[in-house]
Amino acid sequence: MPENLRPDEAARALTEIRQRQEQVIKLAIIPAWYWWAIAGLMVGFSAAIDSHRRLAIAIGTSVFVIGVLTATARVVIGGMRRTQPRNDLLGPIGVLAILGFVATVLAVSLPTAFALQAAGVRYPATLGVLVGAILMVLSGPWLTRLLQRIMLAKRAGSQR
Amino acid sequence: MIEPRFDELIHAPTRLSIVSLLAATEWADFKFIRDSVGLSDSALSKQLTTLEDAGYVEIRKSFIGKRPRTSARLNSVGRAAFERHVAALQEIVARAGASVRPQ
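Described below are features of the structure shown in this document. All values reported here derive from a predicted model rather than from experimental measurement. (Residues numbered from 1 in each chain as written. Chains lettered and ligands numbered in written order. Predicted model: local features only at pLDDT ≥ 70, side-chain atom pairs only at ≥ 80, totals over all residues.)

Some details on the nonpolar core
Here's step 1: One finds B:Val19, B:Leu22, B:Ile33, B:Phe82 and B:Leu89 to be the most contacted residues of the largest nonpolar core, which totals 37 residues.
Here's step 2: Listing elements by their share of this core, those giving two or more residues are helix 1 (7–27) and helix 5 (124–154) of chain A together with helix 2 (13–23), helix 3 (30–37), helix 4 (41–53), strand 3 (67–74) and helix 5 (76–95) of chain B.
Here's step 3: Not counting the four nearest positions on each side in its chain, B:Ile33 is found in contact with B:Ile18, B:Leu21, B:Ala28, B:Leu44 and B:Ala72.
Here's step 4: The next biggest cluster of nonpolar side chains, apart from the first, holds 15 residues, and it includes A:Ala39, A:Met42, A:Val43 and A:Ala125. (Core = buried A, V, L, I, M, F, W, Y, C linked by C-beta atoms within 7 Å. Buried ≥ 20, exposed ≤ 12 C-beta atoms within 10 Å, placed from the backbone. Helix = DSSP H or I, 4+ residues; strand = E, 2+ residues; numbered from the N terminus. Contact = placed C-beta atoms within 7 Å.)

Quick look at the structure:
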């Protein structure tokens, strides 16, 4: 241990460490357009299914798959071009948060669609997914902020 | 429990910034590190070589299309040294009591 390092210097070094790590974690964002894109693709896909037309279903499925893959690849590759935060910063709580988010969207969409179908409403899948899509657009940025908070809490130099 | 150990090599201001960035990443692009820390290409190369020679950092050179790309990562030895260094800093601050706290 260096005898000449003063506590205030050590504190400054810890602050620098925390700020540099925060700089990396703040880059790990899912842009707002991503949630809109996925939500739009989900609704479009459901509308194609609800149309019961083969051609519409084929086109809707293709657009959905290509769209989701393209949007996801763009977000992932865009982030990796600069840097990729350590995977273990997310931890089990982060993984649970992501799974919980997906489960919540499904838990809202599916019962809504089935309830609408039972009530004889037209386009029940589209309307059910629309509700889930709105939830996704509204709560997606919140999920991003939550994941950043989880990573910030796990970075080196955090209070132990 | 991490054994605190002050690391002179890591503590040098520029290297502390570089290692702190790398500690939060899987891999970091050379340009990202350069721009984040505010170094010239040659200055960053020199610091990364020092860290590589110490066995703390792994450098990867690849091509994206025809463009060369250099990335760096903190390996397990570097990560352990960094964790011990952080623990040493925290110990120094803790010994001083509540009067000195990181921001």
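Back to the text.
Topic: the packing of helix 1 of chain A against helix 5 of chain A
Residue and element names in this part refer to chain A.
Here's step 1: Running from N to C, helix 1 and helix 5 point in directions that differ by 155°, and their axes come no closer than 10 Å. The orientation of helix 1 with respect to helix 5, classified from their angle, is roughly antiparallel. Judged by the sense of rotation from one axis to the other, the crossing of helix 1 with helix 5 is right-handed. Facing helix 1, whose interface residues are Glu-22, Ile-25 and Lys-26, helix 5 presents Gln-148, Met-151 and Leu-152.
Here's step 2: Class assignment for the residues of the contact of helix 1 with helix 5 results in three nonpolar, one polar and two charged. (Axes fitted to C-alpha atoms, helices over the stretch in contact; angles between N-to-C directions. Parallel < 35°, antiparallel > 145°, perpendicular 65-115°, else oblique. Left-handed = near helix turned anticlockwise from the far one by under 90°. Nonpolar A, V, L, I, M, F, W, Y, C, P; charged D, E, K, R; others polar.)

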